[in-house]
Amino acid sequence: MVGGILGRVLSAVLDLVLPQTCAACRAKGARCCARCVAELTAHPARRLPRPRLPGMPDCWSASPYEGAVRKVILAYKERGAVALAGVLAEALAYTAVMAIGGTGARWAARGFAVVPVPSRRASVSARGHDPIGRLAVLAARRLRAYGLPAEPWAALRQTRRVADQAGLSSAERAANLAGSLRVAEGAKGPPVASVLLVDDIVTTGATLLEASRALRSAGWSVPLAVTVAATRRRS
Ligand SMILES: [Zn+2]
C-alpha cells in the first residue's frame, strides 16, 4: 500500500489518466455524481448523541452515517480522494446554515470562527493530508458565500496521545479524551466570540465535547457543532 505524499501524487496522476467515477455509486463522469451530492445535502438535522453528555454544544449533521454519505467520507478520509473536499464542505456549510436559520442564532451574525477537530498528527502524516482542516477552510468559504461572516481557524492541538476509543462507552470516551486538546499557544484567532466546531462524523459526541471544553476554557463560546454524518453506536 502506498501512503503519504507519494500516495497523493500517485492518486493525482491517476486522476489525470483514468476516467472519473462517483466515489459512492461508481457512476461515470464525476468524483461525486449529482444524485449522490443531492443525498449529501438532503437531510440536515439536529442529531444529538444519546446519551447527551453534559456541556455538549447543539449538534447538527448533514446526514446519518450510511449510504452515499458514508462512502464519500471513507473515500475522502481513508483513501485520500481530496477532490471530494468540496462536496463534503458544502454539506457542512449547508447544514450550518439550516441550524443557524432554524434556531435564529444571533451569535452567527456577529461573526464566528470555523474550527476543525484536529486530526491526530500520526494520521495526518500517514494520509498525507489533514482532512478536517481542509473541510473547515472550504466550509468557511461556502458560509461566506451564504452571507455569514465565517473565518476558518485551526485553533486546536493535541496535548497527548489517547487510547483507542473502540468499545468504550460515552462516559469512558469522555474520560479518555479529557484534557487531550488545547488551544494552540499564542493563537489569537479571528476577532470573534463564537466558534462553530466541525468534524466528519459524530458518534458519542465525546470528541466534540473535549474540543468545546478546550475552546471554552480559553474564552470562546461554542454554541454549535456540525458534522457531515452522525452514527449511533449499537449497544
Ligand atoms: Zn453517485
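Structure's up top.
Residues numbered from 1 in each chain as written. Predicted model: local features only at pLDDT ≥ 70, side-chain atom pairs only at ≥ 80, totals over all residues.

Draft legend 1. Broad picture of the packing of helix H8 (residues 170–177) against helix H9 (residues 206–217). Interhelical geometry of H8 versus H9 gives an angle of 40° and a closest axis separation of 9 Å. Between H8 and H9, the angle is such that the two are oblique. You can see that H8 and H9 cross each other, and the crossing is right-handed. Note on element contacts: H9 touches H8 through Ala206, Thr207, Leu209 and Glu210, opposite Ser170, Arg173, Ala174 and Leu177. Residues that form the contact of H8 with H9 fall into these classes: four nonpolar, two polar and two charged. (Axes fitted to C-alpha atoms, helices over the stretch in contact; angles between N-to-C directions. Helix = DSSP H or I, 4+ residues; strand = E, 2+ residues; numbered from the N terminus. Parallel < 35°, antiparallel > 145°, perpendicular 65-115°, else oblique. Left-handed = near helix turned anticlockwise from the far one by under 90°. Contact = placed C-beta atoms within 7 Å. Nonpolar A, V, L, I, M, F, W, Y, C, P; charged D, E, K, R; others polar.)

Draft legend 2. Looking closely at helix H3 (residues 67–77). All of the buried residues along H3 are Ala68, Val69, Val72, Ile73, Tyr76 and Lys77. Down the axis of H3, the smallest arc covering the buried residues is 145°, so these residues share one side. Among the structural elements, helix H2 (34–40), strand E2 (58–64), helix H4 (85–103), helix H7 (131–145), strand E7 (194–202) and strand E8 (221–230) are those in contact with the buried residues of H3. (Buried ≥ 20, exposed ≤ 12 C-beta atoms within 10 Å, placed from the backbone. Arc of directions from axis to C-beta.)

Draft legend 3. Summary view of the nonpolar core. In terms of nonpolar packing, the biggest core is built from 69 residues, with Val72, Leu92, Val114 and Ala139 touching the most fellow members. The element best represented in this core is H4, accounting for ten residues. Excluding residues within four positions of it along the chain, valine 114 makes contact with Ala136, Ala139, Ala140, Leu143, Ala150, Glu151, Pro152, Trp153, Leu196 and Val198. (Core = buried A, V, L, I, M, F, W, Y, C linked by C-beta atoms within 7 Å.)

Draft legend 4. Summary view of the sheet that holds strand E3 (residues 112–116). With mixed pairing, the six strands of this open sheet are ordered in space as E1-E2-E8-E7-E3-E4. The two strands at the open ends of the sheet, each matched to only one other strand, are strand E1 (45–46) and strand E4 (150–152). Where E1 lies against E2, two bridges are found, and the strand directions are antiparallel. Directly across from alanine 45, in E2, lies its bridge partner serine 61. In this fold H4 packs onto E2, E7 and E8, with an angle of close to 130° to the strand it touches most, E8. Each of E2, E3, E7 and E8 is contacted by H9, which is oriented at about 160° to E7, the strand it contacts most. (Pairing = 2+ DSSP bridges.)

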